[in-house]
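Chain by chain, the residues:
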Amino acid sequence: MPDYLPHTDEDVAEMLEFLGLSSTAELFAAVPSALRLTHQLALEPGRPEPDVYAAARERAAANRAAELICFAGAGAYDHEVPPVVKALASRSEFVTAYTPYQPEVAQGGLQAIFEFQTMVSRLFGLPIANASLYDGATALVEAANLAVGTTGRPGVLVSAGIHPHWRAVLGTFAAGTGHQLVEVPLRDGTTDWGAAAGVDEVGAVVVAYPNFLGCLEDLGPARALADRHGALMAVAADPVAAGVLKSPAAWGADVAVGEGQPFGTPLSFGGPYLGLFACASAHVRRLPGRLVGETVDADGARAYVTTLRTREQDIRREKATSNVCTNQTLMALTCAIQLGWLGTAGLAQVATRCAVGARHCQRGLLALDGVERLTGSTPTLREFALALPVPAALVLERLAEEGFLGGIALDQLVGADGDGSVPAAEVARGLLVSVTERRSRGEIDRFVAAFDKALR
Amino acid sequence: MPDYLPHTDEDVAEMLEFLGLSSTAELFAAVPSALRLTHQLALEPGRPEPDVYAAARERAAANRAAELICFAGAGAYDHEVPPVVKALASRSEFVTAYTPYQPEVAQGGLQAIFEFQTMVSRLFGLPIANASLYDGATALVEAANLAVGTTGRPGVLVSAGIHPHWRAVLGTFAAGTGHQLVEVPLRDGTTDWGAAAGVDEVGAVVVAYPNFLGCLEDLGPARALADRHGALMAVAADPVAAGVLKSPAAWGADVAVGEGQPFGTPLSFGGPYLGLFACASAHVRRLPGRLVGETVDADGARAYVTTLRTREQDIRREKATSNVCTNQTLMALTCAIQLGWLGTAGLAQVATRCAVGARHCQRGLLALDGVERLTGSTPTLREFALALPVPAALVLERLAEEGFLGGIALDQLVGADGDGSVPAAEVARGLLVSVTERRSRGEIDRFVAAFDKALR
Amino acid sequence: MTAAGGRASSAPLVGRGSEPTLFELSRRGRSSYQLATTGLEEEGTEDLIPSEHRRAEPADLAEVSERDLVGHFTRLSHRQYSVDLGAYPLGSCTMKYNPKICDAVASLPGLAEVHPGAPAPLVQGWLATLVALEAALCELSGMAAATLQPAAGAAGELTGLLLMRAYDQGRGERRRRVIIPDSAHGTNPASVTLGGYEVTTVRSDDRGCLDVRALRDVLDDDVAGMMLTNPNTLGLFEDDIVEIADAVHEVGGLMYYDGANLNAILGVVRPGDMGFDIVHFNLHKTFATPHGGGGPGAGPVAVAPHLVDFLPGPRPVVLEGPTHPGAAPRYGWATPARSIGRVHGWHGNALVLARALAYIEVHGRDGLVRVAERAVLNANWLRKRLSGTFVVPFDRPGMHEVVFSAAQLKKRTGAGAHDVAKGLIDEGFHPPTVAFPLIVDDALMVEPTETESLETLVELAEALERVVARAETEGLADAPSTTPVRRVDEARAARTLVPTFDARR
Amino acid sequence: MTAAGGRASSAPLVGRGSEPTLFELSRRGRSSYQLATTGLEEEGTEDLIPSEHRRAEPADLAEVSERDLVGHFTRLSHRQYSVDLGAYPLGSCTMKYNPKICDAVASLPGLAEVHPGAPAPLVQGWLATLVALEAALCELSGMAAATLQPAAGAAGELTGLLLMRAYDQGRGERRRRVIIPDSAHGTNPASVTLGGYEVTTVRSDDRGCLDVRALRDVLDDDVAGMMLTNPNTLGLFEDDIVEIADAVHEVGGLMYYDGANLNAILGVVRPGDMGFDIVHFNLHKTFATPHGGGGPGAGPVAVAPHLVDFLPGPRPVVLEGPTHPGAAPRYGWATPARSIGRVHGWHGNALVLARALAYIEVHGRDGLVRVAERAVLNANWLRKRLSGTFVVPFDRPGMHEVVFSAAQLKKRTGAGAHDVAKGLIDEGFHPPTVAFPLIVDDALMVEPTETESLETLVELAEALERVVARAETEGLADAPSTTPVRRVDEARAARTLVPTFDARR
Ligand SMILES: Cc1ncc(COP(=O)(O)O)c(C=O)c1O
Ligand SMILES: Cc1ncc(COP(=O)(O)O)c(C=O)c1O
């Protein structure tokens, strides 16, 4: 009977006797007998670790996607994670610690998060960054909550350039908060803010940079629109692209959020990832989630602690700025280590190599019969959307046979009928392709060749 | 130019200036210019980690043996190494520390080795155990050196049941020490000590338990022979088998050595492994290698330190008991963790399961046409030698096609002409098969079926 | 009594002083990164980014050698307490030992290196994992189906409240209130607000359980439901649970189970059988995912049959059973008819889910029951052992955790729960949870968990006794004194906020 | 000057006191182990072992829960200094930073899970690895071929001496003496004895180099050869090396190169070009295999053409070149005609060899030269920086390490090298090597290695200055005071030997 319980039979007997009980069953005397389970759980009996591991390996082997050369992105990217980052991030002191409620024995984790906050702040150009949220999508929800809470206006203008899943999550939670979401369509990969003319009571203008189709939008109009409404501008930024692109702050963002996965976290079938959240100082008291601050100890030595805790649920309860408690600290730590490994030059290198690879790949694919850009002449960086002569899903199937995860079919992201991001007619033929710094010229050229074959 | 050097160009300039030098080349002024390399090394230019890792993966993929279900043993065994042992043994404090020359900052490693020594001592039943040697073979060399040094007699009677490689290593080093090695043949898997009647000036009697053909020999005759010669008895024991077999001490061994790989160290293509070495108290001042002892610190608190160092090369120099300096500490630590994980019951379980699996496998194979035992009726435990109707090498080739590493061909171990361990005529047909606790009935039965096919 | 496995006696190694930040270790021109050769290095980059989009100057990050990167974070790890170093009796958090096998499973390339957007046929192993976990969670909770998307307990709570809301609207209603007990965890009321409901708090009675009469007073058809954790945050089993559930159901409300304390009742009693309609799990508590210093976790939500249609989507499902014996079924995705929509950017914290399944598979049906038994055994042993040392507000057999009050000690010595916590640090233990639940003054909430041995409990008890003795003699104002930093000035951190290295003046 | 990466400021975490042994944590009936289901569990075991062979009672090992196993060894790790925590300027040991990529390579299942006895066709990848490493080592040393079997430097030395002996006998001679300098490492004379030779020691001259005249005095046709490391253990380059080699060769002796200091000259000058016939490498020094607290290492031995036939076997070889471009050659094993035989049970410390190859491949031909340059740059910077603080016995530009003498300090303050070492521990650094080489009294042998930054060197220098100041004021008798244990009583350990837990009284 495999388990991890230290109790010997003598221990149990001794402890029961100390409690004046004659059986472990009596420990549950407070549970009305009518409620107690009479039958055994309909689960397998316990199995020793090697058996369980073998079963997990079998399931892992059934994930053919793991072996394919990855050209898929759409918010989850196949970046280099070096052994040194894995080695440090997996140190058990970090992995098996709890939330730093006792700062004196948590300086290691606290300082790492302080460094993480500093890096996110510098990346997005905003002075405040929190200790992470669940993922990019939920970080965006918090951004909307902050904006609506600050302005007192329920309207949220959401560019259709925001990742479809993120928009879906926004919608789900708006049911509770009562925000009025208005999606603003794209035209040629750029948000057509004009389409939102009629709307008023706008508290937030939400836009992606680059957007989920990979396009670099001019964020000027969004900022202007926000000013017109006295709303806040929230930018969902790709943190890798931010290494070479104008920072959200430079575009005038009040809040910037992002998905931190590209910095040290493997693809992981979508999680655990981490939500990055940064904002202007004015909003710090509405900041969702944990914040680490520097202070001193009784001897005046430098120390770190979670601070401004009165914002949080355990103290503010129903008036808290957010309900988040457990966040994604370990991923934030990993992100800090990865960014420390990359450094200033490395981050720029990674972003540039993604862009160079994407350009090489896009040129190759556009040279194929019937393959066209889906976003007109709008510039793209690390990711681009194509219209294929045949259904994208079919092409992906064929590419998998050739050893490639060829991208993400648009209809899978936006639904068969589309969502205003691309012309509905194009959805089924739409494919989103992404290239990271890990892809070599050879891989890309073989990919293009396989793609050519797959179109025939 | 990938490297791990922290020096910026400014650092180098600043440091050179401090030294009054104008170029790094001048740092080597003491090297006669006639000797300096004029050409560049005929090595590849440096390559970034991901490229090097990819190349290593390619080589790894070319090792088909890694994917085969393992029935090979012969001194290297495919035992379970649980994730918890890997996690603890790979902690960087242990991995990146040096020899504990400064005990105050090495208590962690020292205590672990103290625990290792205690476990080896209990396993072999002898009061003294050192901090490890290179491997089982070199541990045996040290045992012979100790025996000859103690008795002052150069004769070493070596049972042909000692692993052929170990005997070869004994021979290699005897060229330097001048020991007179006399190999004593086996008959039906048991040492025929009678054949050594004539020899005198014997300082050591060396025997394996079980021997390399898997046989359990009665060690009484070896002990008696040693007594007759006033020699020491050195037993090369399989430490896993020791979990259920009479300990070397119980058989009267003065010295016991073993290969510690089965406890937590992967097969590793033969290294790094670790030599286990234990002996009676009388011989502690001739003990080769490092020894950790308990003591106290300035406050009287319990502490550990390497001790009896006057035996060692750095102090005794040419009169040292051995020349060993760097040993296999990390494997010894791993061994201690693995034995801690197994515990008393677990070790017995492992040994028993090996034996049960081996029995099941041996029965199955002996039921095949023309397959016979090579060692008569001598009992075996975890490993056994068979005579096949066809050359063993050929059978192994076919079994590999079926996904099995079917054992070790005897001729590969003992050479085509044999070595007195089995009748020379049988060598080419001889196969050594081993079964560990990892092998299931299903695997064994499929193995027997494949074996049957391979024989046709 | 032999030495304990429980005390972290990680002692001073060498040196003193604080560890500089990575930014202070940074030196322009140093680097660690090495990227794969692409063969595209020579390609021009001038026109790569339109000038109006180009970043003015590079994002300034630390620049360190790999050697300094390793030194820095290794040293930081030596300034961090963890379960692997010693006992962590932090109430409500279930800081049990996390088997390393789960790490091994979660790092299988076949699981960790899978893109979440890959077509279903290419991720059959992942879908099988999720479907298996959902089934196990439903069996453990007595529910019909579950969503695995919520990333933590609070996310599960909010998901549950949105399910309540959808159910409400489904029957054409618009209820406004959700009831929680005054002993509830802070995430409960916070989630209620975000779910668009108003909180109605019901007090606990003198037995530390929900005051059923008080509950009836506030029940009406404006009540959408009630959130409860059972055992509650005092570690006591709400034995009126059936009556409570009936009462709430009578007015048409739904019962929400906060699963943070599920560890106490695994395989003994199921939320579904108690009358709950919605259940969230904290996989990082009950199913041994390490907490990572504050996350990640996972907060799946299971529901009764009448709520299945509203679950978030897409959900992993079996599209087609095994075509022949021994074959695997075909898995895919499906979104429930009236789904509230996505609550996560992808499929939830997948690797955490894989860990939980491994944990459940190793323990199996009887192992999980033993987990609950031993957790309850340990907590009750400590309660009794320490009942002379601290006041136990509601002193009767409890479940997996016990709440002491240091209020009397404080009156006597001036040292309250907070100080006791700091004192215990000097004894080598991580302190219990303090100041929660709110209904106990100077609460010390202790959850030993099932993975700590009797020896460890004895050490912990003796350590707490020493701390009380210290409070009565020298006092605890100086504690802790054995830590990398002494007592931290939390007030100053809030007063003069320094949230980044750049904010330092 | 910014903060250093070099100081380990790993500080007290929590608790005090020592960590109990695993045996004290043990409790009969507890366990951690879990073995795979075999389906053979029910098989009888009575007659499995003949009674005369059966163990009387089970080997008594510790019995602990996995949780306590983890707690114990994690806490022990917090009582251990390491390169990853901080600088380790331990002379002669080349404690450089070990890139983690090498760990990743060594843990590839395709390398780590290969049985050493598998037929050659099934281990082509391993054979390719070994052949590639041998080629690289030969190029770096200017030799013709190498054996990879020796498990460490000392094993390499003995192998080299046995090669000398075989060569001797090969030419029908029986020489009896091997010459080593008085500055040689202890393994040199110890190996000479085991090689069946007598040691003849030659003193160093006042320049810290071998006294060539003294050498000539002892050279005759009874001399089998000479062992030398260059740069020598004082970190000085033996600039008479050509003359030395010629003199030894004149009398028919062979030159043996102790490769422990090879790091200093990588790609700058090669032992082969200096006239050496036999070279051993310490892969765990020069090629960054972590030392593992004392091992494992690897000590390959490379030789000049006239010794190739004597190398240990079997050796990995190319049996057949690529059959077509791009194809891999066919690898196998071959034993040299007059091989001295095996010096290892299998093929040497294979995983260490794989690490070294990865390290060499990342650095490549120019990276390795930079390694040597920076190692020498760092050592000379420290020599000059500290020449006012300590006496530098042979004060002239050196190579990769520098030896200071604390003799004067000792005369002045009573605190010698040993005390300085303990004092430096309190400053957060691992001390230099003390009491070696023997020819310098109160030697402090410092090898910073190339992976430490200038900031770290400055911190180290300042720390040593503080230690000297402390010696001159309060003294160093109390040092270290910041460690898990205070100064350890080494004499008592030898006096009352307690080598196991059972020996404790
Ligand atoms: C009783 C209770 N409910 C809810 C939560 C919130 O769970 P999470 O932190 O996973 O969001 C917690 C976490 O501490 C808890 O203890
Ligand atoms: C100069 C010198 N020679 C030889 C050796 C012995 O090498 P190993 O410890 O690998 O046996 C050492 C190791 O410290 C050394 O420094």
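Keep in mind that this is a model prediction, so the values were computed, not measured.

## Looking at the sheet that holds strand β3 (residues 155-159) of chain A
Residue and element names in this part refer to chain A. Taking strand neighbours across the sheet as the criterion, the seven strands line up as β2-β10-β9-β8-β7-β3-β4 in an open arrangement whose pairing is mixed. Edge positions in the sheet fall to β2 (128-129) and β4 (180-184), since each of these pairs with one other strand and no more. In this sheet, strand β9 (residues 255-259) lies alongside strand β8 (residues 232-237) in parallel orientation, the contact comprising three bridges. In the strand pairing of β9, V235 is matched with A256. Each of β2, β8, β9 and β10 (275-279) is contacted by helix α5 (residues 107-124), which is oriented at about 65° to β10, the strand it contacts most.

## Focus: the packing of aromatic side chains
Inspection of the entire model under this criterion finds 34 aromatic pairs over all chains. Taking the centre distance of 5.8 Å and the plane angle of 40° together, the rings of F390 of chain D and F404 of chain D count as tilted. Here the residue F390 of chain D occupies a position in the loop between α12 (350-386) and β10 (402-405), and F404 of chain D occupies one in strand β10, the gap between them amounting to 14 residues. Pairwise contacts between aromatic rings join F71, F404, F447 and F451 of chain A into one cluster. Geometry around F23 of chain C places R122 of chain A over its ring, the cationic atom sitting 4.6 Å from the centre. Between R382 of chain A and the ring centre of Y77 of chain A, over which it is positioned, the NZ or CZ distance is 3.8 Å.

## Points about the site of ligand 2
Close to ligand 2 lie 15 residues; T326 of chain B together with S92, A154, D258 and H284 of chain D are nearest. In this structure, ligand 2 is bordered by residues of chains B and D. The separation between an oxygen atom of ligand 2 and a polar side-chain atom of S92 of chain D is 2.5 Å. In the environment of ligand 2, an oxygen atom lies 2.9 Å from a nitrogen or oxygen atom belonging to the side chain of K285 of chain D. Look at ligand 2: alone it shows 390 Å² of surface, and the protein chains cover 99% of it. Looking at the shell around ligand 2, the elements that each hand over two or more residues are α6 (153-170) and α11 (283-286) of chain D.

## With respect to the site of ligand 1
Taken together, 15 residues lie near ligand 1, and T326 of chain A together with S92, A154, D258 and H284 of chain C sit nearest. More than one chain lines the surroundings of ligand 1; the residues nearby belong to chains A and C. At 2.5 Å from an oxygen atom of ligand 1 is found a side-chain nitrogen or oxygen belonging to S92 of chain C. Residue H284 of chain C places a side-chain N or O atom 2.7 Å away from an oxygen atom belonging to ligand 1. When the free accessible area of ligand 1 is taken as 390 Å², the share hidden by the protein chains comes to 99%. Those elements that place two or more of their residues in the shell around ligand 1 are α6 (153-170) and α11 (283-286) of chain C. A total of three residues in the shell around ligand 1 trace back to one element, the largest contributor, which is α6 of chain C. Within the shell around ligand 1, the residues separate by chemical class into five nonpolar, seven polar and three charged.

## A word on the pairing of strand β3 (residues 198-202) of chain C
Residue and element names in this part refer to chain C. Note that strand β2 (residues 177-181) and β3 share five bridges and pair parallel. Each bridged residue has a counterpart across the sheet, and for I179 the counterpart in β3 is T200. The β-α-β motif built from β2, the intervening helix α7 (residues 187-194) and the parallel element β3 has right-handed crossover chirality.

## Notes on the interface of chain A and chain D
With 18 residues of chain A at the interface, the matching set in chain D holds 18 residues. Across the chain A/chain D interface, buried area totals approximately 1,400 Å², and carbon plus sulfur atoms make up 55% of it. For the interface between chain A and chain D, the tally reads two salt bridges. D11 of chain A is the partner of R30 of chain D in a salt bridge, and the nearest nitrogen-oxygen pair spans 3.3 Å. Counting across the interface, chain A meets chain D through seven residue pairs in polar contact (both at pLDDT 80 or more). When contributions to the side of chain A that touches chain D are tallied by element, the ones reaching two or more residues are α1 (9-18), α2 (49-61), α3 (83-89) and α4 (92-95) of chain A. Its residues placed into classes, the side of chain A that touches chain D shows nine nonpolar, two polar and seven charged.

Reading guide: rules and limits
- One numbering rule holds for all chains: residues counted from 1, following each sequence as written.
- Key to labels: chains lettered from A, ligands numbered from 1, both in the order written.
- Only residues with pLDDT of at least 70 are given local features in this predicted model, and only at 80 or more are side-chain atom pairs given and counted; all residues enter the totals for whole chains, interfaces and linings.
- Side-chain numbers come from the whole structure's heavy atoms, not from hydrogens or water.
- A pair of strands is considered paired only if DSSP assigns at least 2 bridges between the two.
- Per the convention used, a helix needs a DSSP run of H or I reaching at least four residues, while a strand needs a run of E reaching at least two, with both numbered from the N terminus.
- Any two residues having at least one pair of non-hydrogen atoms within 4.5 Å are treated as being in contact.
- Between N-to-C directions, angles cover 0 to 180 degrees, with each direction set by a line fitted to C-alpha atoms, over the stretch in contact for helices.
- Geometry of aromatic contacts follows a simple scheme: Phe, Tyr and Trp rings, the Trp one being its six-membered ring, pair when their centres are within 6.5 Å, and the pair is stacked under 30 degrees between planes, edge-to-face over 60, tilted otherwise.
- Only Lys NZ and Arg CZ are tested; either one counts as a charge over a ring when it is within 6 Å of the ring centre and within 35 degrees of the ring normal.
- Summary of the distance rule: residues count as near a molecule or strand when at least one heavy atom falls within 4 Å of that molecule or strand.
- Pairing of N or O atoms within 3.5 Å defines a polar contact, subject to two protein rules: one partner must be a possible hydrogen donor and the other a possible acceptor, and residues neighboring in sequence count only if both atoms are side-chain atoms.
- Accessibility throughout is a Shrake-Rupley quantity obtained with a 1.4 Å probe, and a residue counts as covered only by protein chains that appear here.
- Gly falls in the polar group here, along with every residue not listed as nonpolar (Ala, Val, Leu, Ile, Met, Phe, Trp, Tyr, Cys, Pro) or charged (Asp, Glu, Lys, Arg).
- Crossovers are described as right-handed under a simple rule: with the strands pointing away from the observer, the path leading from the first strand over the helix to the second runs clockwise.
- As used here, buried area is the combined drop in accessible area, with a 1.4 Å probe, of two parts when they are placed together.
- By salt bridge we mean one thing: a side-chain nitrogen of Lys or Arg within 4 Å of a carboxyl oxygen of Asp or Glu.

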